[in-house]
Amino acid sequence: MKKAFDFYINSSFHVAFAVYALVQVTYFTVHQKPDFTLSAFAFLGTISSYNFIKYYPFFCSFNQNKSRSLWAIFAISIIVLVPELYFFEKLKIHTQLLACFILIIIIFYALPIFLNRKNVRNWAGIKIYIVGLSWVGVSVGLPLLNCESVILNYFWVYCFQCFILVYVLMLSFEIIDLPYDSPFLKTIPQKIGVEQTKKIGYRLLLLYLILVVCVRMKDEKYNFVPAIIVCCTTAVALYFSNETKSKYYTHFWVESIPILFWLLHLIS
């Protein structure tokens, strides 16, 4: 069971469910019917892109012995490309253009832009922002652009709200990865310390709630309960984040918060 669970985490299925969940939350937010094509594309695209980022160096090393699970992850990443391209073809042209732009960011995130230079992932202080913008593009930009009538009201506010949530979730990752990250990365906890990082996270979550209230004050259909619960849950996850936590704390529990957000919307 542990091997199966580790494979589920390592093959990026769980993070793909988290992205899928945020896409559904976006549809709930703007009172639109979820688009299966876009949702499937976001789910499958997350699997292939995350596996590319994580395992590209391993498969470029011909001398390294690769486990069966690693070969299985490689096979899954190749297999999902077929339905992913099928769903991509069915998206609207402006949605396809945004998806291609996000793909370029992902490629530069994993590969060096210039020869003999580091990739964007290893640029000092930029990793958390690249990840946040990529999640916003997939979770908010793609579904709203692909709607029958493009939602222009508060578009950038929705993007900013999603960025805040993803940013705070990423702070837990940076705190737990503190013993392993190179000092050249200059992550937020490396620059200002763990406690100050947590305080920034709490303030951003408060800002998130303020934005939700301001935007949704006159929306009688919107339920504030899921947003409040998710903000509280994220704050608790950030509070208990420290350098001694296992990888399951972030790679399963923290990444489950977007899924909780979606389930709360379904229940409410």
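Now for a quick tour of the structure. Because the structure is predicted, anything quoted here is derived from the model rather than measured.

**Section: empty space enclosed by the protein**
It is the rolling of a water-molecule-sized probe over the atoms that shows where space remains empty.
Consideration 1: Throughout the structure, instances matching the rule amount to two cavities of 30 Å³ or more.
Consideration 2: Here the largest cavity defines a volume of roughly 190 Å³.
Consideration 3: Considering the residues around the largest cavity, the lining is formed by 14 residues, among which Val 25, Thr 29, Tyr 158, Gln 161 and Tyr 208 are closest to the centre.
Consideration 4: Counting only elements with at least two residues in the lining of the largest cavity, the list comes to α2 (13-29), α8 (155-176) and α10 (194-216).
Consideration 5: A class-by-class count of the residues in the lining of the largest cavity yields 10 nonpolar, three polar and one charged.
Consideration 6: Put simply, the parts of the chain that give the lining of the second largest cavity at least two residues each are α7 (127-145) and α9 (188-192).
Consideration 7: Split into classes, the residues belonging to the lining of the second largest cavity amount to five nonpolar, two polar and four charged.

**A few points about the layout of surface pockets**
Consideration 1: Approximately 240 Å³ is the volume attributed to the second largest pocket.
Consideration 2: Forming the boundary of the second largest pocket are 14 residues, of which Leu 98, Leu 133, Val 136, Gly 137 and Trp 156 lie nearest the centre.
Consideration 3: At the level of elements, α6 (93-110), α7 and α8 are the ones that each hand at least two residues to the lining of the second largest pocket.
Consideration 4: For the lining of the second largest pocket, the element with the highest residue contribution is α7, accounting for six residues.
Consideration 5: Looking at side-chain class alone, the lining of the second largest pocket contains 11 nonpolar, three polar and no charged residues.

**Quick look at the state of the cysteines**
Consideration 1: The final tally for this structure, using the stated rule, is zero disulfides.
Consideration 2: Looking at Cys 214, it has no disulfide partner, and the nearest cysteine sulfur is the one in Cys 231, 13 Å off.
Consideration 3: The exposure class of Cys 214 is exposed, given its relative accessible area of 51%.
Consideration 4: Just so you know, Cys 232 is unpaired, no disulfide at all, and the nearest cysteine sulfur is the one on Cys 231, 7.0 Å from it.

**Details of the packing of aromatic side chains**
Consideration 1: One pass over the full model with this rule turns up 18 aromatic pairs.
Consideration 2: Taking 6.5 Å as the distance between ring centres and 35 degrees as the angle between the ring planes, the aromatic pair formed by Tyr 8 and Phe 17 counts as tilted.
Consideration 3: A residue is classified by how much of its surface remains accessible, and Tyr 8, at 26% relative accessible area, is partly exposed.
Consideration 4: An aromatic cluster is present here, built from Phe 5, Tyr 8, Phe 13, Phe 17, Tyr 20, Phe 43, Tyr 248, Phe 252, Trp 253 and Trp 262 joined pairwise through their rings.
Consideration 5: The ring of Tyr 239 is capped by Lys 198, whose NZ or CZ atom sits 5.8 Å from the centre of that ring.

Thresholds applied
Residues numbered from 1 in each chain as written. Predicted model: local features only at pLDDT ≥ 70, side-chain atom pairs only at ≥ 80, totals over all residues. Heavy atoms only, no water. 1 Å grid on protein atoms, 1.4 Å probe; cavity = no way out; pocket = protein on both sides within 12 Å on 5 of 7 lines; lining within 4 Å. Points joined across faces, edges and corners; volume = space filled by probe spheres on them. Helix = DSSP H or I, 4+ residues; strand = E, 2+ residues; numbered from the N terminus. Nonpolar A, V, L, I, M, F, W, Y, C, P; charged D, E, K, R; others polar. Disulfide = S-S within 2.5 Å. Buried < 20%, exposed > 50% of the residue type's maximum accessible area, 1.4 Å probe, protein only. Phe/Tyr/Trp six-rings, centres within 6.5 Å; stacked < 30°, edge-to-face > 60°. Lys NZ or Arg CZ within 6 Å of the ring centre and 35° of its normal.

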